Amino acid sequence: MDDLEIMELIAQGDERGMPELQKRYGALVRYVAAPILGSGAAVSDCVSEVYLRVLEKFSQFDPERGSLGAWLTAIARNTALNMARRGKNEVSHEMREDTPDPAPTPEELLLLAERREALARALNMLSFSDRALFYRKYYYMQPMSQIAAELGMTERAAEGRLYRIRKKLRECLGGEGYGRQ
């Protein structure tokens, strides 16, 4: 069954849609979540959460903007990151009344948007393989050993290549301290 057929089943509320989606993309969702959450129950919980979010947000999927696999990958990554953050923040801390609001100011939001645009332009200047390596390390948070093994290179070679990519990006973005606060 192809993506279009799966999407039609889900859109129609047909109960065969989700099992087909899970069969086709289950391994990909686990592949994305595992480096962020480790293994075991957290990854399984994340996978379940991803499929719940797919059902909740299915009307937002636009095949013109990207493939079903890319959309699922983004949902899986964001869900895993949210779960990892929740896990780290389980200890609640009382805040004093004079604690400043952690929300960014309008100026900070504008700076963040400008930095995102600059980074996107710089990343688009990289070759496809360099961009893929960068995303695997910093977007999908995969360990260097996994990246190296899957790309057929030594960890040292992958680290060296990543170092050169970061150096190139730093030059494109205007220097050593770009983005540091």
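The rules we used
- Residues numbered from 1 in each chain as written.
- Predicted model: local features only at pLDDT ≥ 70, side-chain atom pairs only at ≥ 80, totals over all residues.
- Heavy atoms only, no water.
- Helix = DSSP H or I, 4+ residues; strand = E, 2+ residues; numbered from the N terminus.
- Buried < 20%, exposed > 50% of the residue type's maximum accessible area, 1.4 Å probe, protein only.
- Contact = heavy atoms within 4.5 Å.
- Salt bridge = Lys/Arg side-chain N within 4 Å of Asp/Glu carboxyl O.
- pLDDT = per-residue confidence, 0-100.
- Axes fitted to C-alpha atoms, helices over the stretch in contact; angles between N-to-C directions.
- Parallel < 35°, antiparallel > 145°, perpendicular 65-115°, else oblique.
- Nonpolar A, V, L, I, M, F, W, Y, C, P; charged D, E, K, R; others polar.
- Arc of directions from axis to C-beta.

*Asks:* Report on the side chain of Asp3, specifying residues and quantitative values.
*Replies:* By secondary structure assignment, the location of Asp3 is in helix H1 (residues 3-11). On the basis of relative accessibility, which here comes to 19%, the residue Asp3 falls in the buried class. Beyond its immediate chain neighbours, meaning those up to four positions away, Asp3 contacts Arg24, Tyr25 and Leu68.

*Asks:* Quick one: what's the story with the pattern of salt bridges, residue by residue and with numbers?
*Replies:* Within this structure, the stated rule accounts for six salt bridges. Residue Asp14 pairs with Arg16 through a salt bridge whose shortest N-O separation is 2.7 Å.

*Asks:* Report on the confidence of the model for the protein chain, specifying residues and quantitative values.
*Replies:* Per-residue confidence for the protein chain averages 86 on the pLDDT scale, and 88% of its residues sit at or above 70. Taken as a whole, residues 89-93 scores under 50 in pLDDT and shows zero contacts with residues more than four places along the chain or in a different chain.

*Asks:* Lay out the packing of helix H6 (residues 128-138) against helix H8 (residues 155-173) with the relevant residues and their values.
*Replies:* At their nearest, the axes of H6 and H8 sit 10 Å apart, and the two run at 100° to each other. The orientation of H6 with respect to H8, classified from their angle, is roughly perpendicular. In this structure, H6 uses Ser129, Asp130, Leu133, Phe134, Lys137 and Tyr138 to contact H8, whose residues at the interface are Ala158, Arg161, Leu162, Ile165, Arg166, Lys168 and Leu169. Of the residues assigned to the contact of H6 with H8, the class counts are seven nonpolar, one polar and five charged.

*Asks:* Which residues make up helix H7 (residues 144-151), and what values do they have?
*Replies:* When we look at burial in H7, the residues that qualify are Met144, Ile147 and Ala148. For H7, the buried positions fall inside an angular range of 95° around the axis, keeping them on one side. Each element contacted by the buried residues of H7 is listed here: H6 and H8. A positive backbone phi angle near 70° is found at Gly152, which sits one or two residues after H7.

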